Amino acid sequence: MMQTALVSGRRCYSSSAIAAKKWIYAKVFKGEPTQENFQLHTENLPALKDGDFLAQAEYISVDPYMRPYMMAYPAGSLMIGGQVGKVIDSKNAAFPVGASIFGQFGWRTHTVCNPATMKADQPYVLPSFGNLPISLGLGVLGMPGNTAYFGLLELCSPKKGETVVVSGAAGAVGNHVGQIAKNLGCRVVGIAGSDAKCQWLKDLGFDEAINYKTANIFGELKKAAPKGVDMYFDNVGGQISETVIKLMNLHGRIAVCGTISNYNTAVEKVTDPLRQMVFKQLKMEGFVVWRWNDRWMEGIEANLKWINEGKLKWHETVTEGFDNLPIAFMDMLKGGNTGKAVVKIN
């Protein structure tokens, strides 16, 4: 029987009595992930020591970056990823029982954590989201939201009246980038993979949206951006990016966030972009959002303010059940999500 105790009116749980589960990276990815790449394990948790807290996952994130990042891990490793959850037992005053937190705890239902032993990926207590769902701590009020906020503002320096193109525009980061750019008075063109996604982008306020699976991207983009492209927020790489760069204006800026077009397949052959870079004097910079760790709450607070002002909308694709994490991950990599893909842990 699971042992519990009441502490300050809240129920605490003994970590050693919990049936914890985790997903293991069982087989190295080759091409598109399949169910064979994952194995579900149970694990025993240690008793809490001073400085520890016990977190129970409520939502776990699935993101494109997990596919290339896991290639650096050997088979048998825990699947990586962020989660939001509740502290259900604690010997750490900074993480009291009942606190809602974010942690890079991977695909596991329960985690015993001592932040003092961690050099990076520090967990943090989430600020109040008011009546908004806690799952937004994995999306618009978490890593994807900060990726959009800092990537666009810091690397592209958008100015009113300029034209921004966003690839992967219906994903967690892309739709957010476009909405921020609209808030700043830019013309925004999104590139996505279905007519339904394109319509959703226009409902969000995008000026134009192009279905890359059916359209002549070069021709449609020339129409959508008649004055050329000043900024490109790149989530996909490959031939789409080659096409966008051809239409960029002098002194254009490119923020490279991801290359999802080649995560599951061989890298596409494209024309060397350096000629365009030289003669158009373009600025192109890749980034990972962790470079702004020291300003993390700034991004969350700015995005929360836009939501409360009605200037930033969000959408989640929610999969139910911890056991369905691999399915949600594989579906997301195939473009099955609109907005942020998360898994609700029942």
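Nothing here was measured: the structure is a model prediction, and the numbers come from that model.

Thresholds, definitions, all that
Residues numbered from 1 in each chain as written. Predicted model: local features only at pLDDT ≥ 70, side-chain atom pairs only at ≥ 80, totals over all residues. Heavy atoms only, no water. Salt bridge = Lys/Arg side-chain N within 4 Å of Asp/Glu carboxyl O. Helix = DSSP H or I, 4+ residues; strand = E, 2+ residues; numbered from the N terminus. Buried < 20%, exposed > 50% of the residue type's maximum accessible area, 1.4 Å probe, protein only. UniProt positions renumbered as here; feature names shortened; annotations may be inferred. 1 Å grid on protein atoms, 1.4 Å probe; cavity = no way out; pocket = protein on both sides within 12 Å on 5 of 7 lines; lining within 4 Å. Points joined across faces, edges and corners; volume = space filled by probe spheres on them. Nonpolar A, V, L, I, M, F, W, Y, C, P; charged D, E, K, R; others polar. Pairing = 2+ DSSP bridges. Core = buried A, V, L, I, M, F, W, Y, C linked by side-chain atoms within 4.5 Å. Contact = heavy atoms within 4.5 Å. Expected span 1.5 Å × (residues − 1). Polar contact = N/O pair within 3.5 Å; in protein donor to acceptor, adjacent residues only side chain to side chain. Phe/Tyr/Trp six-rings, centres within 6.5 Å; stacked < 30°, edge-to-face > 60°. Axes fitted to C-alpha atoms, helices over the stretch in contact; angles between N-to-C directions.

Visitor: A description of the pattern of salt bridges should follow, citing residues and the corresponding values.
Guide: Under the criterion given, the structure shown has 16 salt bridges. We note a salt bridge from Glu208 to Arg187, for which the minimum N-O separation is 3.9 Å. On the criterion of sequence distance, the pair formed by Glu208 in strand β13 (residues 208-211) and Arg187 in strand β12 (residues 187-192) is long-range, its members being 21 residues apart. Under the relative-accessibility criterion, Arg187 is labelled partly exposed at 28%. Linking Glu309 and Lys311 is a salt bridge whose minimum nitrogen-to-oxygen distance equals 3.7 Å. Of the residues examined, Glu309 reaches a relative accessible area of 37% and is grouped as partly exposed. Exposure remark for Lys311: the relative accessible area of 44% places this residue in the partly exposed category. Here the residues in one salt-bridge network are Lys22, Glu43 and Arg108, joined through shared partners.

Visitor: Explain the UniProt feature "domain: Enoyl reductase (ER)" (unreviewed entry) in the protein to me, using residue names and the numbers behind them.
Guide: Taking the UniProt record as the reference, the feature "domain: Enoyl reductase (ER)" (unreviewed entry) is found at residues 34-343. Between the first and last C-alpha atoms of residues 34-343 the distance is 18 Å; the span itself is 27% helix and 25% strand.

Visitor: Any details on empty space enclosed by the protein? Residues and values, ideally.
Guide: Per the counting criterion, the structure on display carries 3 cavities of 30 Å³ or more. The wall of the largest cavity is formed by 14 residues, among which Gly139, Val140, Ala172, Trp314 and Lys340 lie closest to the centre. Those elements that provide at least two residues to the lining of the largest cavity are α2 (143-156) and α3 (174-183). Per-class residue counts for the lining of the largest cavity are 5 nonpolar, 6 polar and 3 charged. Taken together, Ser61, Asp63, Tyr65, Gly82, Phe102, Gln104, Gly137, Leu138, Gly142, Met143, Pro144 and Trp290 form the lining of the second largest cavity. Here the lining of the second largest cavity is composed, by residue class, of 6 nonpolar, 5 polar and 1 charged.

Visitor: Give me the pairing of β12: which residues, what numbers.
Guide: Extensive coverage of β12 is indicated by the burial of 5 of its 6 residues. Pairing of strand β11 (residues 163-167) with β12 involves 5 bridges; the strand directions are parallel. Bridge assignment links Thr163 to a residue of β12, and that residue is Arg187.

Visitor: Tell me about the nonpolar core, and please be specific about residues and values.
Guide: Of all hydrophobic cores here, the largest spans 70 residues; its most connected members are Val62, Trp107, Leu141, Leu201, Leu325 and Phe329. The element contributing the most residues to this core is α2, with 7 residues. The contact partners of Leu201, leaving out residues within four places of it in the chain, are Ala169, Ala170, Asn175, Gly190, Ala192, Phe206 and Ala209. Core analysis: the next-biggest nonpolar cluster, separate from the first, contains 20 residues, Ala225, Val236, Leu247 and Val256 among them.

Visitor: Hey, could you go over α2 for me, with residue numbers and the actual values?
Guide: Relative to the 20 Å expected for 14 residues at 1.5 Å per residue, α2 spans 19 Å between its end C-alpha atoms, a close match to the ideal helical length. The buried fraction of α2 amounts to 12 of the 14 residues, a majority that puts the element mostly inside the structure. For α2, the complete set of buried residues consists of Met143, Pro144, Gly145, Asn146, Thr147, Ala148, Tyr149, Phe150, Gly151, Leu152, Leu155 and Cys156. Looking at the packing, one finds that the buried side of α2 touches α3, β14 (229-234), β15 (248-256), β16 (283-286), α8 (296-308) and β18 (340-344).

Visitor: Which residues make up the side chain of Lys340, and what values go with them?
Guide: Following the sequence through the fold, Lys340 ends up in strand β18. We classify Lys340 as buried; its relative accessible area is 4%. Among the polar contacts made by the side chain of Lys340, one reaches the side chain of Ser61 at a distance of 2.8 Å. Ignoring any residue separated from it by four or fewer positions in sequence, one finds Lys340 in contact with Ser61, Val62, Asp63, Leu138, Gly139, Pro144, Ala172, His315, Glu316 and Thr317.

Visitor: Residues and numbers for the packing of aromatic side chains, please.
Guide: Scanning the entire structure with this criterion turns up 16 aromatic pairs. Seen in terms of ring centroids, Phe38 and Trp107 are 5.7 Å apart; in terms of plane orientation they differ by 20°. Their pairing is stacked. Pair noted here: Phe38 is in strand β4 (residues 38-43) and Trp107 is in the loop between β8 (100-103) and β9 (110-113), with a separation of 69 residues, a long-range link. For the pair Phe38 and Trp107, one class covers both residues: buried.

Visitor: Mind laying out the sheet that holds β11, listing which residues take part and the relevant values?
Guide: Pairing is parallel across the open sheet formed by 6 strands, whose spatial order is β13-β12-β11-β14-β15-β16. Of all strands in the sheet, those with a lone pairing partner are β13 and β16, marking the two edges. The mean inter-strand angle of the sheet, taken between neighbouring strand axes irrespective of direction, is 15°. Running over the sheet, α3 touches β11, β12 and β14 and is turned about 170° from β11.

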